[in-house]
Amino acid sequence: MDFSLTEEHLMIRDAARDFAQTELLPGVIERDDKQTFPQELVRKMGELGFMGIMVDPKYGGSGMDTISYVLIMEELSKIDASASVMVSVNNSLVCYGLEAYGTEEQKQKYLTKLATGEQIGAFCLSEPEAGSDATSQATTAIDKGDHYILNGTKNWITNGGRSDVYLVIAQTDREKGHRGINAFIVEKGMEGFDIGPKEDKLGIRGSDTHTLQFNDVKVPKENRIGEDGFGFKFAMKTLSGGRIGIAAQALGIASGAYELALKYSKERKAFGTEICNHQAIAFKLADMYTEIEAARMLVMRAAWDKDQGNNYDMSSAMAKLYASKVAMEQSVEAVQIHGGNGFVKEYHVERLMRDAKITQIYEGTSEIQKIVISRGVIKG
Ligand SMILES: Cc1cc2nc3c(=O)[nH]c(=O)nc-3n(C[C@H](O)[C@H](O)[C@H](O)COP(=O)(O)OP(=O)(O)OC[C@H]3O[C@@H](n4cnc5c(N)ncnc54)[C@H](O)[C@@H]3O)c2cc1C
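Remember, it's a predicted structure, so these values are computed and weren't measured experimentally. (Residues numbered from 1 in each chain as written. Predicted model: local features only at pLDDT ≥ 70, side-chain atom pairs only at ≥ 80, totals over all residues. Heavy atoms only, no water.)

Undergrad: Looking at this structure, how should I read the packing of helix α5 (residues 81-101) against helix α6 (residues 104-116)?
TA: Helix packing for two helices is described by the angle between their axes and how far apart those axes are. Interaxial distance between α5 and α6 falls to 10 Å at its minimum, and their mutual angle equals 155°. Overall, the two elements α5 and α6 adopt an arrangement that is roughly antiparallel. Judged by the twist between their axes, the crossing of α5 over α6 is left-handed. Where α5 approaches α6, its residues Asn90, Val94, Cys95, Leu98 and Glu99 are matched on the opposing element by Lys107, Tyr110, Leu111, Leu114 and Ala115. For the contact of α5 with α6, a count of residues per class yields seven nonpolar, one polar and two charged. (Axes fitted to C-alpha atoms, helices over the stretch in contact; angles between N-to-C directions. Helix = DSSP H or I, 4+ residues; strand = E, 2+ residues; numbered from the N terminus. Parallel < 35°, antiparallel > 145°, perpendicular 65-115°, else oblique. Left-handed = near helix turned anticlockwise from the far one by under 90°. Contact = heavy atoms within 4.5 Å. Nonpolar A, V, L, I, M, F, W, Y, C, P; charged D, E, K, R; others polar.)

Shown next as structure tokens:
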């Protein structure tokens, strides 16, 4: 067993770290405040190959492995989790979904632009009445021969306003239950497709989250992904990989908060000494570091499983469950170590604490991860 990173992995990590420090850190507080994220930064992430990290170079991707993806996600998330969720959704839900299950025509038409960051994608599963219970899809797609007619509402859609390509899950045959669900490629601008206002959120405020409306949208049959009835499996398979990305995001938020807390504790003095010399603070740092390293092991294990071609449903669920818990708990501790300064924006840890919460909710809540893990454990 070798825990060390390769030279190439270290270079990729350093490139992401450098980009996060030089390009994402300036303006991160203002972007959070104003709920914006400039397209220029998305373009730069595309240029660095961050929008199609694992995609085959023949489709415009970087051809890297999942370990590289995790390293990039961690570094971006230390500074700006709004940037990293855009990267995560585009990479592991949209690009992966198209590369693994799309037709050659779909890959040529959509993936090549998404993998370079020329276009960006969204993954549309959740609905007002179908969140954790994703089988209760109310959105319908009625087969009309050479096309489908799509009707319904999707909510909480990341990249909802800025995307060009939307992978939409819909019910095509209610009698067949989850086997009557399909996934479709919908383009921005298709007639009857409307984007609602941006949500005003607690965290990842730079990431745009929207409700989408589909009113008699005509979707060509060639835009269906996979065989008829494959949509639910498609969603579950892509989300399984997506969870590795969100686990890495959580790891980044936790390690970003920890690094800030460690630095602060070596500078801030109270009772005549740096606060890291008080055992209560030193022990917090010990717990933070240990838990973050434990989360890292689970995240790397899940990435490794995916790279090895192993089943990663369990390992990705465990990584997300644990890393998101660590992100939430340790970002609270980072605020505590900063005292009053932790409560104001310029010290960054309050934002990381707000950003941490979403990692326990999206791409399957922590409760849903426990359902996945417990099923796996009981099945053996
Ligand atoms: C900022 C943001 C971005 C998002 N981005 C996307 C996106 O890009 N695409 C997309 O499709 N969705 C997205 N989502 C939606 C997200 O995946 C859902 O919010 C999440 O799956 C939970 O669904 P829900 O909100 O309907 O909660 P519910 O399903 O109503 O759950 C409410 C509570 O009940 C618990 N619960 C539900 N069922 C069970 C059960 N069987 N056992 C135990 N506990 C249970 C849940 O864990 C939770 O605590 C996003 C959400 C947010 C907030």
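There's more to say after this.
Undergrad: Sorry, what's going on with helix α1 (residues 7-24) here?
TA: Structural remark: α-helix, 3.6 residues per turn; residues separated by three or four positions point the same way. Under the 1.5 Å per step criterion, the end-to-end length of α1 is 24 Å for 18 residues, consistent within 8% with the ideal 26 Å. Burial in α1 covers these residues: His9, Ile12, Ala16, Phe19, Ala20 and Leu24. Along the long axis of α1, the arc covered by the buried residues comes to 100°, so they all point the same way. Exposed residues pointing more than 90 degrees away from the buried face of α1 are listed as Glu7 and Met11. Buried residues in α1 make contact with α2 (28-34), α3 (39-47), α4 (66-79) and α5. (Expected span 1.5 Å × (residues − 1). Buried < 20%, exposed > 50% of the residue type's maximum accessible area, 1.4 Å probe, protein only. Arc of directions from axis to C-beta.)

Undergrad: Can you help me understand the UniProt feature "domain: Acyl-CoA oxidase/dehydrogenase middle" (unreviewed entry) in the chain in this one?
TA: Within this numbering scheme, the UniProt entry marks residues 122-217 as carrying the feature "domain: Acyl-CoA oxidase/dehydrogenase middle" (unreviewed entry). Regarding residues 122-217, the helix share stands at 0% and the strand share at 50%, and the terminal C-alpha atoms are separated by 17 Å. (UniProt positions renumbered as here; feature names shortened; annotations may be inferred.)

Undergrad: Looking at this model, I keep getting lost on the packing of aromatic side chains. Mind explaining?
TA: For any pair of aromatic rings, the description consists of the separation of the ring centres together with the inter-plane angle of the planes. Tallied over the full model, the rule gives 11 aromatic pairs. Ring centres of Tyr258 and Tyr289 lie 5.6 Å apart, and the angle between their planes is 40°; this geometry places the pair in the tilted category. Of the two residues, Tyr258 sits in helix α7 (residues 231-267) while Tyr289 sits in helix α8 (residues 279-308), which places them 31 residues apart along the sequence. Tyr258 sits in the buried class, given a relative accessible area of 13%. Site record: aromatic cluster; members linked through ring pairs are Tyr96, Tyr101, Phe123, Phe230 and Phe234. (Phe/Tyr/Trp six-rings, centres within 6.5 Å; stacked < 30°, edge-to-face > 60°.)

Undergrad: What is the right way to read the side chain of Ser366 from this model?
TA: Considering the arrangement of structural elements, one finds Ser366 in helix α11 (residues 366-379). Residue classification places Ser366 among the buried residues on the basis of a relative accessible area of 12%. Beyond its immediate stretch of four places on either side in the chain, Ser366 contacts Leu321, Ser324 and Gln360.

Undergrad: I would appreciate a short explanation of α3 in the present structure.
TA: Listed as buried for α3 are Leu41, Val42, Met45 and Gly46. Along the long axis of α3, the arc covered by the buried residues comes to 145°, so they all point the same way. Here the buried face of α3 lies against α1, α2, α4, α5 and α6. Just downstream of α3 lies Gly49, where phi reads positive at about 85°.

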